[in-house]
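Okay, here's what each chain looks like letter by letter:
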Amino acid sequence: MDAKIKVPLPHSLKPKVMLWTDVSYSDMEEIDKIQSIPELESALCSVFRVDTPEPRRGVQLELYVQTVLFCRESSFNREQTSALLSIIKCVHQANTETSLNNMEQCFEYCSELLLCHSVRRPPFSINLFSSEEVTHILKYIHNTYIRHYNLYKYIFTPQVQLDLSLSYSGMPEEDDPTIEDSAVPDVEKVMENESEAAQEKDQFPETQETLTTEPEGATLGSKSELKAMIQQEFREEMMLVFGQLEQRLKESADQLNITLASIQPNLQGKK
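Attention in this report is confined to the structure presented alongside it. Keep in mind the model is a prediction, meaning the values are calculated, not measured. (Residues numbered from 1 in each chain as written. Predicted model: local features only at pLDDT ≥ 70, side-chain atom pairs only at ≥ 80, totals over all residues. Heavy atoms only, no water.)

Points about the state of the cysteines
If you walk through the whole model with that rule in mind, you get zero disulfides. Counting only cysteine sulfurs, Cys-110 is the nearest neighbor of Cys-106, a cysteine outside any disulfide, at a range of 9.2 Å. Judged by relative accessible area, which is 1%, Cys-106 ranks as buried. (Disulfide = S-S within 2.5 Å. Buried < 20%, exposed > 50% of the residue type's maximum accessible area, 1.4 Å probe, protein only.)

What follows is the structure, encoded as structure tokens:
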């Protein structure tokens, strides 16, 4: 593609109180009455105005439905369910706003949103969840969303592809045919050249064959050696990139586990 599309960069996210932001009290009354999954999907689709095509629509509705079921299992009230649905929506939007990796930023944003709903400090935060409930919610989000972070990123964001072209120094470039090459040659000069070439071939047949075959073999040999060198270098670079990627993924997973383990004492301290 000739057109260059700029990849949106993740921007700074400011947490705020999300009570009744997306799901009103009347919406929660209707949601509490629904028991079947299809009807619950239809209600949540209307509340959140989900108009994305498949498979994004199904994945997004499944995310909201599972959140409602989690709130019911945890015996959350309507205020808590409404706030948690909005928190899940905000975290999902933060993840899908860019194709770049912003997993740590999303998890930090999720933790700050929960803090806004667990500490009484109006108008900046409210005491909606206890410290035990926040820890329970963080574990749920980590196990259901953060673990599948890359899958959500793949489904909801455009894929970034790198078009790589290589040029090697020392390789002869193929010349394009010119007008002179396509012109009609002089008949007399052609005949003279052919007669001279025939006389030389009769006098030195073995020498002529050697002269014509050696450059071609040498060219093929140099190209094959260059190709082997390029392939070897490419394999080494790819192995290095894969190793760095695995190391970064491991470090990200360790950091998330450390953050999750330290969130509970921080909440108790602020409490």
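Overview of the pattern of salt bridges
In the structure shown here, the tally under the stated rule is four salt bridges. Residue Lys-89 is joined to Asp-22 by a salt bridge in which the shortest nitrogen-to-oxygen separation is 3.0 Å. Here Lys-89, found in helix α4 (residues 78–96), pairs with Asp-22, found in the segment before α1 (25–33); they are 67 residues apart in sequence, far enough to count as distant. Classification of Lys-89 as buried rests on a relative accessible area of 18%. When the shortest N-O distance is used, the salt bridge between Glu-54 and Arg-57 registers 3.7 Å. Three or more residues are tied together by salt bridges with common partners; here these are Glu-29, Asp-32 and Arg-78. (Salt bridge = Lys/Arg side-chain N within 4 Å of Asp/Glu carboxyl O. Helix = DSSP H or I, 4+ residues; strand = E, 2+ residues; numbered from the N terminus.)

Focus on the environment of Ser-252
The topology assignment puts Ser-252 in helix α10 (residues 205–270). For Ser-252, a relative accessible area of 12% gives the class buried. The residues touching Ser-252, leaving out its near neighbours within four places in the chain, are Met-103 and Glu-104. (Contact = heavy atoms within 4.5 Å.)

Some remarks on helix α6 (residues 131–144)
When the terminal C-alpha atoms of α6 are compared, their 20 Å separation across 14 residues agrees well with the 20 Å that a helix rising 1.5 Å per residue should span. Among the residues of α6, those classed as buried are Ser-131, Val-134, Thr-135, Ile-137, Leu-138, Tyr-140, Ile-141 and His-142. (Expected span 1.5 Å × (residues − 1).)

Here we look at the packing of helix α3 (residues 56–73) against α4
With their axes 10 Å apart at the nearest point, α3 and α4 run at an angle of 145° to one another. Crossing hand, α3 versus α4: right-handed. On the side of α3, the interface is formed by Gln-60, Leu-63, Tyr-64, Thr-67, Val-68, Phe-70 and Cys-71, while α4 contributes Thr-81, Leu-84, Leu-85, Ile-88, Lys-89 and His-92. The residue makeup of the contact of α3 with α4, split by class, is eight nonpolar, four polar and one charged. (Axes fitted to C-alpha atoms, helices over the stretch in contact; angles between N-to-C directions. Left-handed = near helix turned anticlockwise from the far one by under 90°. Nonpolar A, V, L, I, M, F, W, Y, C, P; charged D, E, K, R; others polar.)

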